[in-house]
Amino acid sequence: MNNIDTLKEELIDSRKRNEYAEVVLTNLLRLADDDKQSFKMPFDDVVGTIEVAIELLKIR
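Residues numbered from 1 in each chain as written. Predicted model: local features only at pLDDT ≥ 70, side-chain atom pairs only at ≥ 80, totals over all residues. Heavy atoms only, no water.

K.L.:
It is not clear to me how the overall build of the chain should be interpreted in this structure. Could you clarify?
P.N.:
Summing up its helical and strand segments, the chain has two helices and zero strands in all. Sorting the 60 residues of the chain into buried and exposed places 13% on the buried side. Only carbon and sulfur atoms are counted for the fraction: they give 57% of the accessible area of the chain, which is about 5200 Å². Across the chain, the mean location of the 9 positive side-chain charges is 5 Å away from that of the 13 negative side-chain charges. (Helix = DSSP H or I, 4+ residues; strand = E, 2+ residues; numbered from the N terminus. Buried < 20%, exposed > 50% of the residue type's maximum accessible area, 1.4 Å probe, protein only. Areas by Shrake-Rupley, 256 points an atom, 1.4 Å probe, with all protein chains shown as cover. Lys, Arg positive; Asp, Glu negative; His and termini not counted. Charge placed at Lys NZ, Arg CZ, Asp CG, Glu CD.)

Here is the structure:
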């Protein structure tokens, strides 16, 4: 594979990770209770989901 193909593949992977992270974070926001002071799921699950999104956003 040449340099351009490698860069194209890396760009696609980066875009996918960003899209996945966006979906995860958007879904978390939708889980907020009406009072916006808590979530409709256990706190540990919220934290774990945020950690996954952060990992997705890290440059590899």
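K.L.:
What exactly am I supposed to notice about helix α1 (residues 3-30) here?
P.N.:
Since one α-helical turn is 3.6 residues long, residues separated by three or four positions face the same way. Taking 1.5 Å per residue, 28 residues should reach 40 Å; α1 reaches 41 Å between its end C-alpha atoms and fits that length. Looking at the buried side of α1, the elements it contacts are α2 (43-57). Capping the start of α1 is the job of one residue whose side-chain oxygen sits 3.0 Å from the backbone nitrogen of I4: N2. (Expected span 1.5 Å × (residues − 1). Contact = heavy atoms within 4.5 Å. Polar contact = N/O pair within 3.5 Å; in protein donor to acceptor, adjacent residues only side chain to side chain.)

K.L.:
Is there a simple way to think about the pattern of salt bridges in this case?
P.N.:
A side chain of one charge can pair with a side chain of the opposite charge if their charged atoms are brought near each other. Evaluated as defined, the whole model comprises one salt bridge. A salt bridge links E55 to K58, with the shortest nitrogen-to-oxygen separation between them at 3.0 Å. A residue is classified by how much of its surface remains accessible, and E55, at 40% relative accessible area, is partly exposed. (Salt bridge = Lys/Arg side-chain N within 4 Å of Asp/Glu carboxyl O.)

K.L.:
Would you mind showing me how to read α2 here?
P.N.:
In a regular helix each residue adds 1.5 Å, so 15 residues correspond to 21 Å; α2 covers 21 Å between its end C-alpha atoms and thus fits that length. Among the residues making up α2, those that are buried are V46, A53 and L56. On an axial view of α2, the arc spanned by its buried residues comes to 85°, and they lie on one face. Seen from the open side of α2, the exposed residues pointing more than 90 degrees away from its buried face are F43 and D44. Those residues of α2 that are buried are in contact with α1. (Arc of directions from axis to C-beta.)

K.L.:
For this particular structure, what's the right way to read a nonpolar patch on the surface?
P.N.:
On the surface, a nonpolar cluster with roughly 310 Å² of combined accessible area is contributed by L25, I50, I54 and L57. At three residues, α2 tops the list of elements feeding residues into the nonpolar patch. Mapped onto the fold, I50 is located in helix α2. (Patch = residues over 30% accessible without salt bridge, like charges linked within 9 Å, V, L, I, M, F, W, Y side chains within 5 Å.)

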